[in-house]
There are 2 protein chains.
Amino acid sequence: MPAKTSGSRSSAAVEDYLERILELINTKGYARVVDIATSLRISQASVTNMVQRLDAEGLLKYEKYRGLVLTIAGETLARNIARRHELLSEFLQLLGLDQRVIDHDVEGMEHHISPATLRAIEALTDQLRRRPALLARLQGAAS
Amino acid sequence: MPAKTSGSRSSAAVEDYLERILELINTKGYARVVDIATSLRISQASVTNMVQRLDAEGLLKYEKYRGLVLTIAGETLARNIARRHELLSEFLQLLGLDQRVIDHDVEGMEHHISPATLRAIEALTDQLRRRPALLARLQGAAS
DNA sequence: TCCCTGATTTAGGCATGGCTAAGTTAGTTA
DNA sequence: TAACTAACTTAGCCATGCCTAAATCAGGGA
Ligand SMILES: [Mn+2]
Ligand SMILES: [Mn+2]
Ligand SMILES: [Mn+2]
Ligand SMILES: [Mn+2]
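Definitions and limits used
- Residue numbering note: each chain is counted from 1, following its sequence as written.
- Each chain gets a letter, beginning with A, and each ligand a number, beginning with 1, in the order they are written.
- Given that this is a predicted model, residues contribute local features only at a pLDDT of at least 70 and side-chain atom pairs are listed and counted only at 80 or more, while totals for whole chains, interfaces and linings are drawn from all residues.
- With hydrogens and water excluded, all non-hydrogen atoms of the structure serve as input to the side-chain values.
- One heavy atom suffices: a residue is near a molecule or strand as soon as one of its heavy atoms comes within 4 Å of it.
- Residues adjacent in sequence count toward polar contacts only when both atoms are side-chain atoms; beyond that, a polar contact is any pair of N or O atoms within 3.5 Å, and within protein one must be able to donate a hydrogen and the other to accept it.
- What counts as a helix is a DSSP run of H or I of at least four residues, what counts as a strand is a run of E of at least two, and both are numbered from the N terminus.
- Only Asp, Glu, Lys and Arg are considered charged in this grouping, and only Ala, Val, Leu, Ile, Met, Phe, Trp, Tyr, Cys and Pro are considered nonpolar; every other residue, Gly among them, is considered polar.

Peer 1: Can you lay out the protein's contact with DNA strand D for me, pointing to particular residues and giving the numbers?
Peer 2: Neighbouring DNA strand D are 22 residues, the closest being V34, Y62 and K64 of chain A together with S11 and R53 of chain B. Backbone sugar and phosphate groups make up 76% of those atoms of DNA strand D lying within 4 Å of the protein. Between DNA strand D and T48 of chain A, the relevant distance is 2.7 Å, taken from a phosphate oxygen to a side-chain nitrogen or oxygen of the residue. Among the elements of the structure, α2 (33-40) and α3 (44-56) of chain A together with α1 (12-28) and α3 (44-56) of chain B are those that each provide at least two residues to the surface near DNA strand D. Counting residues per element, the surface near DNA strand D draws most heavily on α3 of chain A, which supplies 4 residues. Split by residue class, the surface near DNA strand D holds 11 nonpolar, 6 polar and 5 charged.

Peer 1: Talk me through the protein's contact with DNA strand C; I want residue IDs and the actual numbers.
Peer 2: In the region of DNA strand C, 23 residues are neighbours, and S11 and R53 of chain A together with Q44, Y62 and K64 of chain B sit closest. Of all atoms in DNA strand C that approach within 4 Å of the protein, 76% are sugar or phosphate atoms. A distance of 3.0 Å separates a phosphate oxygen of DNA strand C from a polar side-chain atom of Q52 of chain B. For the surface near DNA strand C, the secondary structure elements donating two or more residues are α1 (12-28) and α3 of chain A together with α2 (33-40) and α3 of chain B. Classifying every residue of the surface near DNA strand C gives 12 nonpolar, 6 polar and 5 charged.

If you want it as structure tokens, here you go:
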């Protein structure tokens, strides 16, 4: 595994971990292995493994048996994926989709949205919010 | 590897292979290992491997050193993913995004769109086509 | 018919990201 | 302070997919 200065793109798994870790820190103040595992519905062993990898990649600081904190790089990535999640979710909510469907689809789609696409969907969402009539016409297709 | 009667969800890789195979068959009448490899930019060895797996899963019929044909199940899946690709692509084109960005994002997103979301985006696309004014207001954010 | 060569397959590896089972650690509690 | 236990780590596996290098096959030309 190279030193990973800044080049390599993050995988969907890495993004999901960082997103969840940030969320846990924001809601309960810390993110322990067991919390992350429960939240992502994977084993504690898998979390330990990934956390050690994220530490090696400089996305968080980890002390064995103790705890972890995101680095600036890690928090930046986490906020970025969180934003994609949030925006996509709002967009699909506007279309009247069932929240379970939204949660499922967004969790996958969020990893494949480039900045330009994100901006475009954001702009569209803004416009749609001002056009309830148009949105009403969409409801027939929802969920 | 279980018999795979019908239950297990297809992976993104499987969907990409099937989509490309169908496209090759539609454009040049057949899909050879070398064509699939070139088209997906992966090695011929990887294609042979996957093709044998798809045969085992009943998604296509494969004769070693000869050729392959999609089964009904395989063609159904292929048409399904092709449709998701097409629809997402049209939607993003409407938003004025650069085609390279679209191709890249769609290739990833298409694997995470459930039927309900697909219908909703389809309905939205239909409505947007009739509202050039609204779309014009979006162009500032594009690519 | 025999050979050449492009197409294909096989063999062996590697990275990612999961899992279970079996220890280890450390904070709480008696 | 000694032990209990929840949290954590380690060890060893597995599936998915992709790779390169080394065979093998098969169709067309000499
Ligand atoms: Mn996700
Ligand atoms: Mn997410
Ligand atoms: Mn794809
Ligand atoms: Mn596609």
